[in-house]
Amino acid sequence: MASQLKDVYGFALLATGEDQRLLQASWVAAKKRADSWSAIDKQLRHSSCSDTAPGPDQRRSQALKPLVRRGVPFELRPHQWFQLSGAAARQAAAGGGYYAKLSSINALSVNMLLQLSEDLAPGLFQFRTHPLFRKQDGMDAVRRILCAYLQHNPAGYFRGLAHIAGFLLIVMGLHQEQ
């Protein structure tokens, strides 16, 4: 008999007995991975490298490489992805108010707004069933992220970008939208 479970990001899973056993084993492995990360995470948060440093130094890089290849534990992903991707450094370099200025819908062309609206339509945006996007706040956040992206990178919009923004919001949380 199948039962309804949720994964760490809130997605509903329909799991049979064997699936539940595999999920449990996966969660145990994730816990072990999180334990491996805990020491290095403390070092990264308190290291001499500031949050605005352009990239990790050689020593940090060598320590992180095997850990990253095995996966960043879900509870550390928001912070680590933000730091290791260079997003923290870029945000600091851009200064305050940059995202707010870019996320305004007023500067976009009608064509870009139409493409964006089509991608967020109920039949196309696949994350509508996720609790974050059942509320208007979640959909508004995706729209603001896409507007900011289009103004920062005027090369244009491509179908599916809303899914990338939606997934990042699920992992990072609405409080990390900027």
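Residues numbered from 1 in each chain as written. Predicted model: local features only at pLDDT ≥ 70, side-chain atom pairs only at ≥ 80, totals over all residues. Heavy atoms only, no water.

### Thoughts on the overall build of the chain
Counting its secondary structure elements, the chain contains nine helices and two strands. Taken over 178 residues, the chain has a buried fraction of 32%. Taking the contacts inside the chain whose residues are at least 6 apart along the sequence as the reference set, 62% of them involve residues at least 24 apart. (Helix = DSSP H or I, 4+ residues; strand = E, 2+ residues; numbered from the N terminus. Buried < 20%, exposed > 50% of the residue type's maximum accessible area, 1.4 Å probe, protein only. Contact = heavy atoms within 4.5 Å.)

### Overview of the pattern of salt bridges
Applying the stated criterion across every chain yields a total of three salt bridges. Between D140 and R143 there is a salt bridge, with the nearest N and O atoms lying 3.3 Å from each other. Linking D140 with R143, this pair stays in helix α8 (residues 136-152), spanning three residues, or about one helical turn. (Salt bridge = Lys/Arg side-chain N within 4 Å of Asp/Glu carboxyl O.)

### Quick notes on the packing of α8 against helix α9 (residues 161-172)
With their axes 9 Å apart at the nearest point, α8 and α9 run at an angle of 120° to one another. When the axis of α8 is compared with that of α9, the two are oblique. By crossing handedness, the relation of α8 to α9 is classed as right-handed. In contact with G138, A141, V142, I145, L146 and Y149 of α8, α9 contributes L161, A162, A165, G166 and L169. (Axes fitted to C-alpha atoms, helices over the stretch in contact; angles between N-to-C directions. Parallel < 35°, antiparallel > 145°, perpendicular 65-115°, else oblique. Left-handed = near helix turned anticlockwise from the far one by under 90°.)

### A short note on a nonpolar patch on the surface
A cluster of nonpolar residues, W81, F158, I164, F167 and L168, forms a patch on the protein surface that exposes about 430 Å² of accessible area. Relative to the helices and strands, W81 resides in helix α3 (residues 77-84). A residue is classified by how much of its surface remains accessible, and W81, at 30% relative accessible area, is partly exposed. (Patch = residues over 30% accessible without salt bridge, like charges linked within 9 Å, V, L, I, M, F, W, Y side chains within 5 Å. Areas by Shrake-Rupley, 256 points an atom, 1.4 Å probe, with all protein chains shown as cover.)

### What to know about α8
End to end, α8 covers 24 Å across 17 residues, agreeing with the expected 24 Å (1.5 Å per residue, within 8%). Considered for burial, the residues of α8 that qualify are G138, M139, A141, V142, L146, C147, A148 and L150. On its buried face, α8 sits against α5 (98-102), α6 (110-119), α7 (131-134) and α9. (Expected span 1.5 Å × (residues − 1).)

### Observations concerning the packing of aromatic side chains
The final tally for this structure, using the stated rule, is one aromatic pair. Considering the side-chain rings of F127 and F133, the 6.3 Å spacing of their centres and the 20° angle between planes classify their relative orientation as stacked. Just as F127 is buried, F133 falls in that class too. (Phe/Tyr/Trp six-rings, centres within 6.5 Å; stacked < 30°, edge-to-face > 60°.)

### Some words on the nonpolar core
Counting 22 residues, the largest nonpolar core has L120, F125, F133, V142, L146 and A162 as its most contacted members. Here A162 is in contact with D119, L120, F125, V142, L146 and Y157, once residues within four sequence places are set aside. (Core = buried A, V, L, I, M, F, W, Y, C linked by side-chain atoms within 4.5 Å.)

### Observations regarding α3
Inspection of α3 places R77, P78, Q80 and F82 among the buried residues, and these make up the whole buried set. G86, located one to two residues past α3, shows a positive phi value of around 90°.

### Some remarks on the side chain of H130
By secondary structure assignment, the location of H130 is in the loop between α6 and α7. A relative accessible area of 6% places H130 in the buried class. Among all residues touching H130, those that are not within four sequence positions of it are Y9, G10, F11 and I170.

### Side note on the packing of α3 against α9
Between α3 and α9, the shortest axis-to-axis distance is 8 Å and the interhelical angle comes to 125°. Relative to α9, the element α3 lies oblique. Of the residues in α9, those in contact with R77, P78, W81 and F82 of α3 are F167, L168, V171 and M172.

### Side note on the environment of I170
Looking at the secondary structure, you find I170 in helix α9. Residues I170 and G10, 160 residues apart in the sequence, show an inter-C-alpha distance of 8.6 Å. If sequence neighbours within four positions are ignored, I170 has contacts with Y9, F11, F127, H130, L132 and F133.

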